[in-house]
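Letter by letter, the chains look like this.
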Amino acid sequence: MSKSTAIVWFRNDLRLADNLALAEAAKEFDKVLPLFIWWPKAQVHIGSASKVWLHHSLLSLDASLQNAGSRLFVRTGNPVKVLKEISKETGASAVFWNRSYEPAELQLEDEIKASLNSSRVLAGHFAGNLLLEPWEARKKNNTPYLVFTPFAKSSFEKLGQVHIVSKPGNLPTAPRGVRTGTIGSLELLPTVRWDNGITDAWQIGEDAAERSLRRFIKNGLRNYDETRNLPALDDGVSRLSPHLHFGEISPRQIWAAVTREREKLSGKEAASATVFLKELLWREFSHHLLYHFPTMPELELREEFDYYPWDSANEYLRAWQKGLTGFPIVDAGMRQLWQTGWMHNRVRMIVGSFLIKDLGIDWRTGEEWFWDTLVDADLAQNSMNWQWVAGCGADASPFFRIFNPTSQGKKFDPEGNYIRKYVPELAKLPAKWIHAPQDAPAEVLQKAGVAPGDTYPLPIVDHATARAESLRNYKRLR
Ligand code: FAD
C-alpha cells in the first residue's frame, strides 16, 4: 500500500489553473488520481442544458490533464462510497477537493470526511469557487449581510490583491490499473439530440474560458457600465457565467486579471471595471445568502410573501417558455435561452418580471425552467435572482417596480437588433414598430410580411391590466 497517493475529487472546479486541491496534491504526493464522480441519484439533479455543458467540459478537462501527463478517471455512484472504495483500491492516503457551499454538497462533504476519517484517509479541502469563504463575510455583529452594498464594500476591503495558484506544468501520474468509465458512459448528452444550439454558440473548457476573459478585457471591460444593458452587443458582457459555474475559471483569476487591467485605466473606464467587479460580488452575495439561508431555492426570504397568491402554472406558461407571448423582447429572450442555453441579464430580468407580474406565475416555476435550460444554471445565483425579481428576496427589487416589456425593449434594444436575431419573423419591421408589431400601420406590416395573430402572436395579456392585478394582490399582503 502506497502512502504517497492522493485522489483529487473534481466537481465544479473543472480546471488546472488556480486549483488549490490539485496544486497541493501535485506538490505533496508521488501519485495523483484526478477523479470525477457522477451521481445520478444526487439530491440536486442538474438540468438538461447543464448536462450538455458538463459532458464537453469533462472532455476538455481530460485533454488538459493528458497534456500534463495525467488523465481524468470517471466513476458513477454515491461519492461517499466511491471515494472510500477507490482509496482502498489505490492505497491512497488522502482525498483532496475544493469546497462547495451548496446545502446538499455541504452535507455530502461532511459524510465523506467522516467516512474517510474512519478509514484513516486524510480529507483535505480547500477554498476554490468563491473569492471569500461565506463565513468570512459577516457584519460586525456577526450576522450575515442581507444588503448588497455593505457586503460589496466590506468584500472590496477584504480582497485587495488576490493570489492565483498557477497551472501545474507536469502532474504526477495516476497509480496503475485503476478502473475508469468513459465520459460518454455517463450519458450526459440527450438521446434525442437537441444540443447543437449550445455547441454552436459556445466553446467549452478551461482554455475557452481564459480566451473569453481576455477577449472581454480587450473589447468589453472599458465600456461595461454602458454596454452591459444592451443585449444586441456581442462583447457588452463577458459571457463567463457557465465557465464560472463549472469552475473552468475561478473568480479569483477573473478578479486578479480585471484589477490588474483597472490599474491601467482612469476615469469612466476604471469605473466600468469596478462595476464589473461588483457583478462578480453579486455572484458572491448569492452564494453567501444560500450558505446562510439554505432554503432560498424553495422559500421566500421575506416571509410576508408566503401569503402571496402565486399561481404555479396557468395557460400562459407554455407561451412564455416557447417565446410566443406577443411581447418581442420577452420572446427574443426566451428563444435565446432555448437555442443557446443562455440569456442576457437585462432580458432575464424582463422575462422574469413578465412571468411573475404580468402572468401571475410563481417565481419558482421560472426558477425551474431556467434550471433546466440554462448552461450557467446555478443554485445560488438562480434562486437569489428569481427572488430578487419577485421582490421577496434579500435586497430585492421592490415588488411594485414592474417592468413594462415594451418600453424595456425600446430602451435596451432601441434598433431592435436583438429581437431581429431571435424573432426572425419580425426581422423586416422597422425599429419604430418592432417592439409592438400589433400597433404598426397595415402597410408597414404588409411590407415586412408580418400578420399579428397569424405570423406572430398578439400580446397574450394586456400589460396595464395585468400590472394593476399584481399590485392589488401585493397591497392585500400588506
Ligand atoms: P457579466 O455581466 O459579464 O458578469 C460577470 C459575472 O458576474 C457573471 O458571469 C456572473 O457570475 C456574475 N453576475 C452578473 N450578474 C449577476 C447577478 N445578477 N447575480 C449573480 N451574479 C451575477 N447567473 C448565473 O450564473 N446562473 C444562474 O442560474 C442565473 N440565474 C438568473 C436568473 C434570473 C431571473 C436573473 C435575473 C439573473 C440570473 N443570473 C444567473 C445572473 C445573471 O443574469 C448572469 O450571471 C449573467 O447574465 C451572466 O452573463 P455574463 O457572464 O456575461 O455576465
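In what follows, the accompanying structure is described. (Residues numbered from 1 in each chain as written. Predicted model: local features only at pLDDT ≥ 70, side-chain atom pairs only at ≥ 80, totals over all residues. Heavy atoms only, no water.)

## Here's the deal with the overall build of the protein chain
Argument step 1. Across its full length, the protein chain holds 21 helices and five strands.
Argument step 2. For 478 residues, the compact-globule estimate of 2.2 N^0.38 gives 23 Å, and the protein chain sits close to it at 24 Å.
Argument step 3. Dimensions of the protein chain along its principal axes, counting C-alpha atoms only, are 80 × 50 × 50 Å.
Argument step 4. Sorting the 478 residues of the protein chain into buried and exposed places 58% on the buried side.
Argument step 5. For the protein chain, the exposed area adds up to about 21300 Å²; of that, 51% sits on carbon and sulfur atoms.
Argument step 6. Separation between the mean location of the 59 positive side-chain charges and that of the 56 negative ones in the protein chain comes to 3 Å. (Helix = DSSP H or I, 4+ residues; strand = E, 2+ residues; numbered from the N terminus. Rg over C-alpha atoms; globule rule 2.2 N^0.38 Å. Buried < 20%, exposed > 50% of the residue type's maximum accessible area, 1.4 Å probe, protein only. Areas by Shrake-Rupley, 256 points an atom, 1.4 Å probe, with all protein chains shown as cover. Lys, Arg positive; Asp, Glu negative; His and termini not counted. Charge placed at Lys NZ, Arg CZ, Asp CG, Glu CD.)

## Brief notes about the sheet that holds strand β5 (residues 122–126)
To summarise the sheet geometry, strands pair through backbone hydrogen bonds and adopt either a parallel or an antiparallel arrangement.
Argument step 1. In spatial order, the strands read β3-β2-β1-β4-β5; together these five strands make up an open sheet with parallel pairing. This sheet does not close on itself; its edge strands, each paired only once, are β3 (73–76) and β5. Across the sheet, the mean angle separating the axes of adjacent strands is 30° when strand polarity is ignored.
Argument step 2. For strand β1 (residues 5–10) and strand β2 (residues 31–38), the ladder comprises six bridges, and the chain directions are parallel. Bridging across to β2, Val 8 finds its partner in Pro 34.
Argument step 3. Where helix α3 (residues 79–90) meets the sheet, it contacts β1, β2, β3 and β4 (94–98), and its direction lies at approximately 155° from that of β1.
Argument step 4. Contacts from helix α4 (residues 103–118) reach β1, β4 and β5, with the element oriented near 165° to β4. (Pairing = 2+ DSSP bridges. Axes fitted to C-alpha atoms, helices over the stretch in contact; angles between N-to-C directions. Contact = heavy atoms within 4.5 Å.)

## Examining the site of the ligand
Argument step 1. Lining the immediate environment of the ligand, one finds 27 residues, of which Tyr 224, Ser 238, Arg 239, Asn 345 and Asp 376 sit closest.
Argument step 2. Within the backbone of Arg 239, one N or O atom sits 2.6 Å away from an oxygen atom of the ligand.
Argument step 3. In this structure, an oxygen atom belonging to the ligand sits 3.1 Å away from a main-chain N or O atom of Asp 378.
Argument step 4. Relative to its unbound accessible area of 820 Å², the ligand is 97% covered by the protein chains.
Argument step 5. Placement of the ligand is best described as lying within the largest pocket.
Argument step 6. For the shell around the ligand, the elements supplying multiple residues, two or more each, are α9 (241–245), α11 (267–292), α14 (345–358) and α16 (379–390). (Near = heavy atom within 4 Å. Polar contact = N/O pair within 3.5 Å; in protein donor to acceptor, adjacent residues only side chain to side chain. 1 Å grid on protein atoms, 1.4 Å probe; cavity = no way out; pocket = protein on both sides within 12 Å on 5 of 7 lines; lining within 4 Å. Sits in = over half its atoms within 2 Å of the grid points.)

## Quick word on α3
Argument step 1. Here α3 contains 12 residues, and its C-alpha end-to-end distance of 16 Å stays within 8% of the 16 Å for a straight helix at 1.5 Å per residue.
Argument step 2. Those residues of α3 not exposed but buried are Pro 79, Val 80, Val 82, Leu 83, Ile 86, Ser 87 and Thr 90.
Argument step 3. Sitting at the amino-terminal end of α3 is Asn 78, which places a side-chain oxygen 2.9 Å from the backbone nitrogen of Val 80.
Argument step 4. Looking one or two residues beyond α3, the residue adopting positive phi is Gly 91, at roughly 70°. (Expected span 1.5 Å × (residues − 1).)

## As for the nonpolar core
Argument step 1. Leu 58, Leu 72, Ile 254, Trp 320, Val 330 and Phe 370 are the most contacted members of the largest nonpolar core, which totals 123 residues.
Argument step 2. With 10 residues, the single largest contributor to this core is α11.
Argument step 3. Non-local contacts of Leu 72, meaning those with residues more than four positions away in its chain, are made with Phe 10, Pro 34, Leu 35, Phe 36, Leu 58, Leu 61, Asp 62, Leu 65, Thr 180 and Ile 183. (Core = buried A, V, L, I, M, F, W, Y, C linked by side-chain atoms within 4.5 Å.)

## A word on the pattern of salt bridges
Argument step 1. Throughout the structure, instances matching the rule amount to 24 salt bridges.
Argument step 2. A salt bridge links Asp 18 to Arg 252; the nearest nitrogen and oxygen atoms lie 3.0 Å apart. Here Arg 252 lies in helix α10 (residues 251–263) and Asp 18 lies in the loop between β1 and α1 (20–28), a separation of 234 residues in the sequence.
Argument step 3. We classify Asp 18 as buried; its relative accessible area is 0%.
Argument step 4. Exposure remark for Arg 252: the relative accessible area of 11% places this residue in the buried category.
Argument step 5. A salt bridge links Asp 225 to Arg 228, with the nearest nitrogen and oxygen atoms 3.7 Å apart.
Argument step 6. Through salt bridges that share partners, Arg 222, Glu 261, Lys 264 and Glu 269 make up one connected network. (Salt bridge = Lys/Arg side-chain N within 4 Å of Asp/Glu carboxyl O.)

## Considering the layout of surface pockets
Left-over empty space is what a probe sized like a water molecule reveals as it rolls over the atoms.
Argument step 1. Computed from the structure, the largest pocket encloses a volume of approximately 1100 Å³.
Argument step 2. Tyr 224, Glu 279, Trp 282, Asn 345 and Asn 385 are the residues nearest the centre of the largest pocket, which is lined by 39 residues in total.
Argument step 3. Grouping the constituent residues of the lining of the largest pocket by class yields 20 nonpolar, nine polar and 10 charged.
Argument step 4. Roughly 840 Å³ of volume is contained in the second largest pocket.
Argument step 5. In this structure, the second largest pocket is lined by 40 residues; those nearest its centre are Asn 12, Val 44, Ile 46, Glu 102 and Glu 105.
Argument step 6. Elements that contribute at least two residues to the lining of the second largest pocket include exactly β1, β2, α2 (48–67), α4, α9 and α11.
Argument step 7. Partitioning the lining of the second largest pocket into residue classes produces 20 nonpolar, 11 polar and nine charged. (Points joined across faces, edges and corners; volume = space filled by probe spheres on them. Nonpolar A, V, L, I, M, F, W, Y, C, P; charged D, E, K, R; others polar.)

## Some details on the packing of α10 against α11
Argument step 1. One can describe the packing of α10 onto α11 by two numbers: an axis separation of 9 Å at closest approach and a directional angle of 165°. For the element pair α10 / α11, the angle class is roughly antiparallel. The hand of the α10/α11 crossing is left-handed. For the pair α10 and α11, contact is made by Pro 251, Ile 254, Trp 255, Val 258, Thr 259 and Arg 262 and by Ala 270, Ala 273, Thr 274, Phe 276, Leu 277, Leu 280, Leu 281, Arg 283 and Glu 284, respectively.
Argument step 2. Here the contact of α10 with α11 is built from residues that sort into 10 nonpolar, two polar and three charged. (Parallel < 35°, antiparallel > 145°, perpendicular 65-115°, else oblique. Left-handed = near helix turned anticlockwise from the far one by under 90°.)

## Some remarks on unusual backbone geometry
Argument step 1. Here the phi dihedral of Asp 18 falls at roughly 45°; this positive angle occurs in a residue that is not glycine.
Argument step 2. Although it is not a glycine, Glu 187 sits at a positive phi angle of roughly 55°.
Argument step 3. Relative to the helices and strands, Glu 187 resides in the loop between α5 (148–159) and α6 (196–201).

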